[in-house]
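# Notes for the structure review
So the chains spell out like this:
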Amino acid sequence: MNRMKAISSSLRFLNSSLATRVIATRNQVTHFSSPSISLPFFNRSHDSSPSHNTHQKLYFSSKPNSILELVFSNDWSEEVEKELENRRQSLTHETVVYVLKRLDRNPIKVFSFFNWVTEREWFMSSSSLYSLVLRVLARNKKMKEFWITLRTMKEKGFYLDEETYVTISTGFKKEKLNSDVSALTHFYNGMIHQNAMQSVVKKVVGIILGSDWNDDGDDGGDKVENELAKVKIQLSDNFVIRVFKEVRSSPLKAYKFFHWVGKQSGYQQNTVTYNAVARVLARMESIEEFWSVLEEMKSVGHELDLDTYIKISRQLQKNRMMEDAVKLYEHMMDSSYKPSVSDCVILLKSISGSDKPDLDLVFRVAKKFESGGYTLSKAVYDSIHRSLTSAGRFDEAEKIVETMKNAGYEPDNITYSQIIFGLCKMRRFEEAHKVIEEMQACDCRPDIKTWTILIQGYCDAGELDNALLTLYKMMEQNGDVDADLLEVLVDGFLTQKRIDGAYKLLLEITGRCSVCPWQATFKKLIQSLLGVRMFEEALVLLRLMKAKNYPPYHEPFVSHISKFGTLEDAAEFLKVLSIKSYPSHNVYLQIFESLFQEGRHSEAKDLLYKSPHHIRKHSKICELFGSSESQTSKSQTAETQIASN
């Protein structure tokens, strides 16, 4: 009872101390699971200052970086063009991809460099290069350059693939570039319709997908190859890439096609097709073939380009194929096109993101990163530290912090938050609170994300009372509640089936803390309330959603009213939806249809009579009630006939 009184007082504290406070936006702290390892190579001191990057010493020793530096550091001019011409032997397809990827925040230089290199007779361009440049220009809203590049792409016979089209179109929609969305869609559809190659691609894809070509049997392979030989194919990189994209859901068949193409007279695989097939093969069922292709590439002098690496690495991480993602990182760090610091950090975060991160993989990535000439940055230290704390290896995590401090990086909210996350994961809450005290003693004020990690730890452990007491302690120290923390608390209550408590907490905090809950928080709580038939409470949240300018969430109300509600419930629900704007006829239509499905025809008619004139006269609603009356009449006639017999 004493504890519940304390909790009640913590909520009352919201009333008095936080009524007029405006929520401040805070820096976000990520909290991934973190493994631990012994890292002997971290024990040596780093001579360079934190701001110094060792790889800069090597900047001109590598051909790709030398060309990147030339383009990046100079305004475009005849002198730059002459120097690039002198280095033409180094301007391979992979090098051009590397330069374009590294310049992706400087779209005008991307445009200038790409235009120059693709106009050289000695350079072989590709659809993948054009797609890369189009993505850069679209992302940076360089629309004039975007449309020039797209037209040039078409004139030179290259193909805008579906993935690139969807990515760019989605970006345009988010930016509300409606005319560009329409023009791009028109261009893409017209390109497909006009492209003479499309019919041949479809025929080849049909033969491949309709076969058992991925089987080991020779008969199936011979049959497919005989069928392909009958098709008049003009083999080109563009054609091969398009087939790969169409059969990507069957990677082993793509692999067979890749080798069949390589045996055809007059055609030779190159870096473009090798990179294209590598993208298709980087999945669980064809990972052996993927590594086989990489070995084959190396033997013939080709390399995985940086754009391909990034896409494949993300795919492997998404599919939790972390061993292969690390192996691929090591492979690229040994190549001419080393991944960036951010690529390393993303990979380390992915490894630490699992419940039981593989510490050996963390060790391998960090060691390869440093051996590649990079000085460990704060972000890399954080990623390693995250892994150690998540795995409960706090002694080693402390050593990493000391090494990080010796390198010039002081512990901050991220550092302490990761320790708190690891301790909460192991249910060592008293120690987690001591970390908060340590932070305060070091003049490192815990921010909202640090408190959220601790409160979420209690919620995950089912200790809601302690979660609320920690919330109270946070507010005593002038901490602000935000939408993330509110969602954590609501989720904690809902997990414990304390739906009424979640509802009261949300109202209390939103009413007194000037916090606007996430739309998802409203939705899940409304669904939970209606699930236990707390209709009035759900309506209160719907009113609050409307007041916060969220789209009305009417779907679960429709189902609830049709099964359990009264005519008054329906009227009240529609009245709430009428705040600021009238509900659309579709909402009325859904309610009427749902009532009919539940066999409540009379209630539907009563509601119709009370509806606005424009709803009663709407064509779809008139049609619905007309067909309903017809069905009712037929049913009554049938019942009469049965009774008379």
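Our structure is the block above this text.
Think of each chain on its own: its residues are numbered from 1, step by step along the sequence as written. Where local features are concerned, this predicted model is filtered to residues with pLDDT of at least 70; where side-chain atom pairs are given and counted, the filter is 80 or more; whole-chain, interface and lining totals use all residues. The basis for the side-chain values is all heavy atoms of the structure; hydrogens and waters are excluded.

## So, the packing of aromatic side chains
- Paired rings are identified among Phe, Tyr and Trp, the last through its six-membered ring, by centres lying within 6.5 Å, and are further divided according to the angle between planes into stacked (under 30 degrees), edge-to-face (over 60) and tilted (the rest). All told, the structure shown has 21 aromatic pairs when counted by the stated rule.
- On the basis of an interplanar angle of 75° and a centroid distance of 5.1 Å, the ring pair of Phe 592 and Phe 625 is categorised as edge-to-face. Of this pair, Phe 592 sits in helix H32 (residues 585-597) while Phe 625 sits in helix H35 (residues 619-644), placing them 33 residues apart in sequence. Each member of the pair, Phe 592 as well as Phe 625, is classed as buried.
- The structure contains a cluster of three or more aromatic residues connected by ring pairs, namely Phe 244, Phe 257, Phe 258, Trp 260 and Tyr 274.
- Each ring is checked for a lysine NZ or an arginine CZ that lies within 6 Å of its centre and within 35 degrees of its normal; such an atom marks a charge sitting over the ring. The residue whose ring lies beneath Lys 109 is Phe 72, and the NZ or CZ to ring-centre distance is 5.8 Å.
- It is Arg 533 that lies over the ring of Phe 564; its NZ or CZ is 3.8 Å from the centre. Helix and strand definitions follow DSSP, with helices as H or I runs of at least four residues and strands as E runs of at least two, each counted in order from the N terminus. Accessible area is worked out with a 1.4 Å probe on protein chains only. A residue is then buried under 20% of its type maximum, exposed over 50%, and partly exposed in between.

## Considerations on the pattern of salt bridges
- Salt bridge, as used here, is a side-chain nitrogen of Lys or Arg placed within 4 Å of a carboxyl oxygen of Asp or Glu. Overall, the coordinates contain 28 salt bridges when judged by the stated rule.
- Across the salt bridge formed by Lys 245 and Asp 161, the nearest N and O atoms sit 3.9 Å from each other. Note that Lys 245 is positioned in helix H12 (residues 237-246) and Asp 161 in the loop between helix H7 (143-155) and helix H8 (162-174), a separation of 84 residues in sequence.
- Among the residues examined, Lys 245 registers a relative accessible area of 24% and is labelled partly exposed.
- A salt bridge links Asp 334 to Lys 368; the nearest nitrogen and oxygen atoms lie 2.8 Å apart. Highlighted residues: Asp 334 in the loop between helix H17 (322-333) and helix H18 (341-352) and Lys 368 in helix H19 (residues 359-371), separated in sequence by 34 residues.
- Among the ionic contacts, a cluster of salt bridges with common partners joins Lys 101, Arg 135, Arg 279, Asp 307 and Lys 311.

## Let's talk about the side chain of Glu 330
- Counting through the fold element by element, Glu 330 comes out in helix H17.
- Exposure remark for Glu 330: the relative accessible area of 19% places this residue in the buried category.
- For this analysis, residues touch if any pair of their heavy atoms sits within 4.5 Å. Discounting residues that sit within four places of it in the chain, Glu 330 has contacts with Arg 364 and Lys 368.

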